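One letter stands for each residue in the lines below.
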Amino acid sequence: MLDPFFIKQLKAPLRNIALKLDAIGIKANHITVFGFVMGILSVPSLSQEYYWLALILIILNRLMDGLDGAVARVQEPTDLGGYLDITLDFIFYSAVIFGFALANPAENALAASFVIFSFMGTGSSFLAFAIMAEKRHIENLDYGGKSLHFIGGLAEGAETIAFLVLICLLPAHFVVLAYVFGTICWITTATRIYAGYRTLR
């Protein structure tokens, strides 16, 4: 829901950094993989309940996720870059939630499962529409010329980042926050399916 706003606000500063990284030969895919590794390292941190360390790693991952796209647009986007970006993002999101299940299986596992279940809804409705949008040459310029067509909803990137930050800051409230966010994800899935149906029928 908030992604178009943040994309517009961050476009210029990210491009300035991207130009400097391009000048020293750093490739977009290098940033993608580095960010993914940092994000995955949050899982053992979460399992040991080092929530502040996990939060730093999660924020670093999200910064790299914004930066790799900016570098790609400077260097010319590639299909491989877009594929790596979206695939590693979905693995990262679920990995963080899995980390909370490891931290306290007795209390967190069911709520964590619900969130990962909800990610299947948001992810599949997003990716399936992206395939059909590409086939029909449908464009959405609100999302900054990304490799895949983005279909909006209540729970997009900005909202997901806010959720990940919040559960790291308030780990004792993970269960409640997880059920609330998972429900928001299912509302997003329902609206995407409806929008996709109206667009593609």
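So, a few notes on the structure that sits alongside this text. (Residues numbered from 1 in each chain as written. Predicted model: local features only at pLDDT ≥ 70, side-chain atom pairs only at ≥ 80, totals over all residues. Heavy atoms only, no water.)

## Concerning the overall build of the protein
The number of helices and strands found in the protein is 8 helices and 0 strands. Listing the helices and strands of the protein from first to last along the sequence gives α-α-α-α-α-α-α-α. By residue count, 40% of the 201 residues in the protein fall in the buried class. Expressed as a percentage of contacts within the protein between residues at least 6 apart in sequence, the contacts between residues at least 24 apart total 79%. Carbon and sulfur atoms make up 69% of the accessible area of the protein, which amounts to about 11,100 Å² in all. (Helix = DSSP H or I, 4+ residues; strand = E, 2+ residues; numbered from the N terminus. Buried < 20%, exposed > 50% of the residue type's maximum accessible area, 1.4 Å probe, protein only. Contact = heavy atoms within 4.5 Å. Areas by Shrake-Rupley, 256 points an atom, 1.4 Å probe, with all protein chains shown as cover.)

## Description of the packing of helix H5 (residues 79–103) against helix H7 (residues 157–169)
Orientation of H5 relative to H7, taken along the N-to-C sense of each, is 20°, at an axis distance of 12 Å. Judged by the inter-axis angle, H5 sits roughly parallel to H7. The hand of the H5/H7 crossing is left-handed. Contacts between H5 and H7 involve Phe92, Tyr93, Val96, Ile97 and Phe100 on the former and, on the latter, Gly157, Thr160, Phe163, Leu164, Ile167 and Cys168. Across the contact of H5 with H7, the residue classes break down as 9 nonpolar, 2 polar and no charged. (Axes fitted to C-alpha atoms, helices over the stretch in contact; angles between N-to-C directions. Parallel < 35°, antiparallel > 145°, perpendicular 65-115°, else oblique. Left-handed = near helix turned anticlockwise from the far one by under 90°. Nonpolar A, V, L, I, M, F, W, Y, C, P; charged D, E, K, R; others polar.)

## With respect to empty space enclosed by the protein
Under the definition given, this model contains 1 cavity of 30 Å³ or more. A volume near 70 Å³ is recorded for the largest cavity. Thr32, Gly35, Phe36, Asn61, Arg62, Met64, Asp65, Asp68, Asp85, Leu88 and Asp89 are the residues that line the largest cavity. Elements that contribute at least two residues to the lining of the largest cavity include exactly helix H2 (28–40), helix H4 (51–75) and H5. Of the residues forming the lining of the largest cavity, the biggest block, 5 residues, is contributed by H4. In terms of residue class, the lining of the largest cavity is built from 3 nonpolar, 3 polar and 5 charged. (1 Å grid on protein atoms, 1.4 Å probe; cavity = no way out; pocket = protein on both sides within 12 Å on 5 of 7 lines; lining within 4 Å. Points joined across faces, edges and corners; volume = space filled by probe spheres on them.)

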